[in-house]
Amino acid sequence: MSPAPGEAGRLVVCPTPIGNLEDVTLRVLRALAEADVVACEDTRRTRTLLERHDIRARLVSFHEHNEDARAAELTQRMRRGAVVALVADAGTPLVADPGFVLLAEALRAGIDVEVLPGPSAVITALVASGLPADRWRFVGFLPRGREALLAIVGGARETIVAFESPRRLLHTLELLAEREAERALAVCRELTKLHEDVRRGRADDLATHFRAHPARGEIVLVIGAAVAAADDGAAQDAVSALEALVSAGARPRAAAAALAKLTGVGANQLYRGLTRRGG
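As the structure is a prediction and not an experimental result, all values here were calculated from the model.

**So, helix α1 (residues 26-34)**
- Restricting attention to buried positions, one finds in α1 the residues Val28, Leu29, Ala31 and Leu32. Buried residues of α1, viewed axially, fall in a sector of 165°; they line one side.

Spelled out as structure tokens, the structure:
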């Protein structure tokens, strides 16, 4: 469609399925159908989604190699009234995917930006992991170097969510197992796809498994808080207080929830600290 004279353009950020093509919202489908142009990482992948839902749209490539030039071009279109829909190959744009340059250009130009909710491999993996979600951090792709990796996850006090290559997964698991064998992890592979697999367990056990069964497909690695992180400073004091409350007859889960509000230490972290002490 063509913008009406004087009509303001806008940018619409559209999350797309991370695997199963049915995992797309009605709002996203409508936005893609109504946009003047759809900016996408891979026009072939986006066209597959659009054809599945009988949508015809004008597609332009938008990836890490042409992001700067394309962002300037699309911003000019929006200044003239065009509606641009931004999609990634899978999931929510800008989350370890191109799009930030275009978003920043649009905001600087005073162009309206609409962000639609939808699929995210990060959130899906976090929930599927079974690890605490009250405090967590997404770090994108894990760094290659040992020291850089340990700097991020070594003493983390919160759950860490990261993307990992199947070629490097075993190396990362072995490093984590060497550092802290009982560290709680979840390896989430091919989420929402036919061969989806979520494996939860200790770092050493998962390293053993993937040593015998090399990983394939797209992977999100979820790493629980470092065990040692619950044993220092304020966290140690809070666990001691929880232990005293439980000894006095309080229910562990309820007492942990109450102390979490007072101390800022996560309820699940407190409960894990109590169980490690045998409470």
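Continuing now.
**Considerations on the sheet that holds strand β6 (residues 136-141)**
- Strands sit in the order β6-β7-β10-β8-β9 across an open sheet of five strands; the sheet is mixed. Only two strands of the sheet have a single neighbouring strand rather than two, namely β6 and β9 (197-202). When the angles between neighbouring strand axes are averaged without regard to direction, this sheet yields 15°.
- By the bridge criterion, five bridges tie strand β7 (residues 159-164) to strand β10 (residues 219-223) in an arrangement that is antiparallel. Paired with Ala162 across the bridge in β10 is Leu221.
- Relative to β9, helix α8 (residues 203-212) is tilted by about 135°, and along the sheet it contacts β8 (184-189) and β9.

**As for the pattern of salt bridges**
- Counting across every chain of the model gives 17 salt bridges.
- Across the salt bridge formed by Arg77 and Glu73, the nearest N and O atoms sit 3.3 Å from each other. Highlighted residues: Arg77 and Glu73, both in helix α3 (residues 67-79), separated by four residues, approximately one helical turn.
- Classification of Arg77 as buried rests on a relative accessible area of 17%.
- Between Lys193 and Glu218 there is a salt bridge, with its nearest N and O atoms 3.3 Å apart.

**With respect to the nonpolar core**
- Counting residues in each nonpolar core, the largest one holds 22 residues, and the members touching the most others are Leu169, Leu173 and Val187.
- If you list the elements that add at least two residues to this core, you get α6 (146-153), β7, α7 (169-179), β8, α8 and β10.
- By size, the runner-up hydrophobic cluster in this structure holds 17 residues, among which are Leu32, Ile55, Val83 and Val87.

**Thoughts on the sheet that holds strand β5 (residues 112-115)**
- Strands sit in the order β3-β2-β4-β1-β5 across an open sheet of five strands; the sheet is parallel. Pairing within the sheet leaves two strands with one partner each, and these edge strands are β3 (59-61) and β5. Direction aside, the axes of adjacent strands within the sheet are offset by 25° on average.
- By the bridge criterion, four bridges tie strand β1 (residues 10-13) to β5 in an arrangement that is parallel. Paired with Leu11 across the strands is Val113, a residue of β5.

**Thoughts on the packing of helix α10 (residues 252-263) against helix α11 (residues 267-276)**
- Running from amino to carboxyl end, α10 crosses α11 at an angle of 130°, the nearest separation of the two axes being 8 Å. Relative to α11, the element α10 is oriented oblique. Considering only the axes of α10 and α11, their crossing is right-handed. Only Ala267, Asn268, Leu270, Tyr271 and Leu274 of α11 make contact with α10, whose side of the interface consists of Pro252, Arg253, Ala256, Ala257, Leu259 and Ala260.

Thresholds, definitions, all that
Residues numbered from 1 in each chain as written. Predicted model: local features only at pLDDT ≥ 70, side-chain atom pairs only at ≥ 80, totals over all residues. Heavy atoms only, no water. Buried < 20%, exposed > 50% of the residue type's maximum accessible area, 1.4 Å probe, protein only. Helix = DSSP H or I, 4+ residues; strand = E, 2+ residues; numbered from the N terminus. Arc of directions from axis to C-beta. Pairing = 2+ DSSP bridges. Axes fitted to C-alpha atoms, helices over the stretch in contact; angles between N-to-C directions. Contact = heavy atoms within 4.5 Å. Salt bridge = Lys/Arg side-chain N within 4 Å of Asp/Glu carboxyl O. Core = buried A, V, L, I, M, F, W, Y, C linked by side-chain atoms within 4.5 Å. Parallel < 35°, antiparallel > 145°, perpendicular 65-115°, else oblique. Left-handed = near helix turned anticlockwise from the far one by under 90°.

Honestly, that's just the spatial picture; any functional story needs more than this.
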